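# Breakdown of the fold
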There are 2 protein chains.
Amino acid sequence: MAKPNAFYAQSGGVTAVINASACGVIEAAREHRDRIGHVYAGRNGILGALHEDLIDTNRETATTIAGLRNTPGGAFGSARFKLKGLDENRAEYERLIEVFKAHNISYFFYNGGGDSADTCYKVSQLSRKMGFPVHAIHVPKTVDNDLPITDNCPGFGSVAKYIATSTREAALDVESMAETSTKVFILEVMGRHAGWIAAAAGLAGADRSEAPHLILFPEVPFNKRDFLKRVRQCVKDHGYCVVVVSEGARYRDGRFLADAGTTDAFGHKQLGGTAPIIAAMVRDELGFKFHYAIADYLQRAARHLASAVDVEQAYAVGRAAVELALAGENSVMVTIDRKSDKPYRWTVGSAPLSRIANREKMMPKRFITKDGYGITTACRRYLEPLIGGEDYPPFKRGLPAYIRLKGVPVAKKLKAFRPG
Amino acid sequence: MAKPNAFYAQSGGVTAVINASACGVIEAAREHRDRIGHVYAGRNGILGALHEDLIDTNRETATTIAGLRNTPGGAFGSARFKLKGLDENRAEYERLIEVFKAHNISYFFYNGGGDSADTCYKVSQLSRKMGFPVHAIHVPKTVDNDLPITDNCPGFGSVAKYIATSTREAALDVESMAETSTKVFILEVMGRHAGWIAAAAGLAGADRSEAPHLILFPEVPFNKRDFLKRVRQCVKDHGYCVVVVSEGARYRDGRFLADAGTTDAFGHKQLGGTAPIIAAMVRDELGFKFHYAIADYLQRAARHLASAVDVEQAYAVGRAAVELALAGENSVMVTIDRKSDKPYRWTVGSAPLSRIANREKMMPKRFITKDGYGITTACRRYLEPLIGGEDYPPFKRGLPAYIRLKGVPVAKKLKAFRPG
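Scope of this entry: the structure provided in the associated data block.

### A few points about the overall build of chain A
- Along the backbone of chain A there are 12 helices and 13 strands.
- Over its C-alpha trace chain A gives a radius of gyration of 23 Å, about what one expects of a compact globule, namely 22 Å for 420 residues.
- Projected onto the principal axes, the alpha-carbon positions of chain A cover approximately 75 × 45 × 40 Å.
- Residues counted as buried form 60% of the 420 residues belonging to chain A.
- Sequence-distant contacts, at least 24 apart, represent 76% of the contacts inside chain A between residues at least 6 apart.

### Brief notes about the relation of the copies chain B and chain A
- Screw-axis analysis of chain B against chain A gives a translation of 0.0 Å along the axis, an RMSD of 0.0 Å, and a rotation angle of 180 degrees. The superposition of one copy onto the other is thereby described by a two-fold rotation axis.
- A shared binding surface is used by both copies, with 99% of the interface residues of chain B retained as interface residues in chain A.

### A word on the environment of Tyr8 of chain B
Residues and elements named next belong to chain B.
- With respect to the helices and strands, the residue Tyr8 is situated in strand E1 (residues 5-10).
- Counting along the chain gives 103 residues from Tyr8 to Asn111, while the straight-line C-alpha distance between them is 7.5 Å.
- Ignoring sequence-local partners within four residues, the contact set of Tyr8 consists of Ala22, Val25, Val39, Ala41, Phe109 and Asn111.

### Considering the pairing of strand E10 (residues 332-340) of chain B
Residues and elements named next belong to chain B.
- Of the strand pairs in this sheet, strand E5 (residues 135-140) and E10 are connected by two bridges, and their pairing is parallel. The partner of His138 across the bridge, within E10, is Met333.
- Hairpin geometry of E10 and strand E11 (residues 345-352) is characterised by an intervening segment of four residues between the two adjacent antiparallel strands.

### Regarding the interface of chain B and chain A
- Tallying the contact residues gives 67 residues for chain B and 66 residues for chain A.
- Listed by contribution, the elements that provide at least two residues to the side of chain B that touches chain A are helix H6 (156-177), helix H9 (275-286), strand E9 (290-294), helix H10 (297-301) and strand E13 (399-400) of chain B.
- Sorting elements by how many residues they give to the side of chain B that touches chain A places H6 of chain B first, with 13 residues.

### Digging into helix H1 (residues 18-30) of chain A
All names here are of chain A.
- The first and last C-alpha atoms of H1 sit 19 Å apart over 13 residues, in line with the 18 Å expected at 1.5 Å per residue.
- Of all 13 residues in H1, 11 are buried, a share of seventy percent or more.
- The secondary structure elements touched by the buried residues of H1 are strand E1 (5-10), strand E2 (39-42), helix H3 (62-68), strand E4 (105-112), strand E5 (135-140) and helix H11 (308-326).

### Details of the sheet that holds E1 of chain B
Residues and elements named next belong to chain B.
- Pairing is mixed across the open sheet formed by seven strands, whose spatial order is E3-E2-E1-E4-E5-E10-E11. The two strands at the open ends of the sheet, each matched to only one other strand, are strand E3 (54-56) and E11. Direction aside, neighbouring strands of the sheet carry axes that sit 30 degrees apart on average.
- Relative to strand E2 (residues 39-42), E1 runs parallel, the two being bridged by three bridges.

### Focus on the environment of Thr347 of chain B
Residues and elements named next belong to chain B.
- By the element assignment, Thr347 lies in strand E11.
- Accessibility expressed as a C-beta count within 10 Å gives 11 for Thr347, which makes it exposed.
- It is 9.2 Å that separates the C-alpha atoms of Thr347 and Ala316, two residues lying 31 residues apart in sequence.
- Each residue touching Thr347, except ones within four places of it in the same chain, is listed here: Asp337 and Lys339.

### Let's talk about the sheet that holds strand E3 (residues 54-56) of chain A
Residues and elements named next belong to chain A.
- Spatially, the seven strands line up as an open sheet ordered E3-E2-E1-E4-E5-E10-E11, and their pairing is mixed. Single-partner strands in this sheet number two, and they are E3 and strand E11 (345-352). Strand after strand, the sheet turns through a mean of 30 degrees between neighbouring axes, direction not considered.
- For E4 and E5, the ladder comprises six bridges, and the chain directions are parallel. Considered in E5, the bridge of Gly112 is made with Pro140.

Reading the values: rules and limits
Residues numbered from 1 in each chain as written. Chains lettered and ligands numbered in written order. Predicted model: local features only at pLDDT ≥ 70, side-chain atom pairs only at ≥ 80, totals over all residues. Helix = DSSP H or I, 4+ residues; strand = E, 2+ residues; numbered from the N terminus. Rg over C-alpha atoms; globule rule 2.2 N^0.38 Å. Buried ≥ 20, exposed ≤ 12 C-beta atoms within 10 Å, placed from the backbone. Contact = placed C-beta atoms within 7 Å. Least-squares fit on C-alpha atoms with pLDDT ≥ 70 in both. Pairing = 2+ DSSP bridges. Expected span 1.5 Å × (residues − 1). Axes fitted to C-alpha atoms, helices over the stretch in contact; angles between N-to-C directions.

Shown next, in the form of structure tokens:
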């Protein structure tokens, strides 16, 4: 019988280092050619499996695969596509197993966040029931840092480093111009549910006397009056004020600031953006000159400023997934286990998917200062190691030289999938 | 008689490398301690001279001054403050000369864009008339790259590198998600009058089949219908579309897109932002899922990704200013003169301020493709050397270690200035 093959797919929003995990999976598999034949990747994530649209990574050179470690985005294509529950749409799961069977795939490496952990778990359960057991290993990835059990999530450290650096840099700009120009600068960062990324901005200053002066977390209900009072005081004390706001900042009743019901002249709901809402308050109530930036995808794609720790961990969890699978493990997620803060030491571990799926890790209360606008020493102790070290990509003619795959498709063996 | 002193000030919007010019000025002056006593810097630019608020840079260590080369923002404080015309407010100019006289300042190094070149010129003229001739040398700086005669302006190359890199990175993100998520990504960049920064984004792709697919320049009147047609076609051809829009993009009648008259629910004019205007068009007319980023100050403060060529030039024009002054030059701006494109070779020169002041250098027509949405080969040839090489700042605990001055004030000798 032919050697079993492996399947790898990327899921959900991509990161600066998700390809480093792909690199880890593929390089580790190549070291075990006696036990793993091909690593097939799903084109556009799990959709690639459903539609039998597979990329044969064995057709990529070692140089290309090594280059994945330095390349942001999802090289194989990712997807925002959540499989329905088993009862609701069993056909999709059965199709996955069918594709795995047709291509002799015994290892399923799924690289994503909470939703994909759930999918991974179900595939593992169902494949056994269907008599074609697949080793399903979840490779964690999310800029939101909200997976349980693991100390942190690959992808987060690099966004954290980018946001902390950008905050420090922009603050120097604002400070130098404040006498005659912008007095309030607002930076909007990602994090719809959890304030981890906003918290990372807090590393930019040694303490609250330095920028960012105010952080608006999704975890802390927004109080307009109190906020504006603090902005005014900050400008009085320091001459300027730097505010970092999470896109998920919300009022006490749960409404997002970004959904505050403002509409444009045509009656259209105003387009996203929490920063412009804050900026409008500062303008209308305090009269300060302001500027705002919305980092959006720039923050999660900024491989040029990746955290070396993050790159190493992303790569390590990819490798570990293969090693766990070959050791007979199944239905687990690779975890990062912190051994000490200073010096920072960590190892790779694993946790059963049954304990991961559909659970979000929020910022603990003890990480946010009592006033609700800053991060505590405990939070700094947690965050600081995650942005440690630089891991610059190679540059060519002034720009980062990111790789592009050949992406050779695997010949199809099944009929087209018609979802029910 | 005591050795003459020098005065240095930063003017207008700061850049990632304006402090490198300060470093050049101060280090060169320190090499000529026999001829230049103190280098005094104006706190908050020219305001520091008007209010006799001077910082004694001689009180800063060599390490701190060397650190200026790696630190973004304006370390001495900059100002958006244009002196009025000589006829309108002669008192301001006379006050400058009075302060220079009181502190035995014979050298005036002014680091800024077009407006400050004009001030520098007037100071030079008037000081001679007033019998206290000052050597006034303009040190060019502007992210807008719009000063005449000089081949390029220090500050621009680093923004160009940041925007081209960020475009390339975000494009990889969008491409990998386009099948099930964002199809159109819009990045708003600086450049109210000239499209140099928007043009730099064009370096992100090898040609128009790669992102950015469409660039909106201030120089090319915006045609909504044509633009949307191209976005639709781009998504059809590539599965996604990356648009880079200059904040100065405008309609044929000269109105900025950002001033398109949309108001929020309270009747307030919508706050700046060209990207959300474009995004709304894409949403309303094409129905594509979109995301947008507004880089704002992040782009001009991003010292972590400075162009090595830019840093070197910024430093060189600072040094050259001192050398020109000591050689007896007056009323000139330091220029960067390009000798060849490939390999890129340049030298430092100078040009009379009478030829610089109040002239803007726009993008030449031959740099924009006929369809109005891309850059030509000639433009690439011009831009590419300017983003060449990396010059990373030192990092400490995961973040760039930027210096902070002691900023020791010089004792005042005059009465407070009361502007007329």
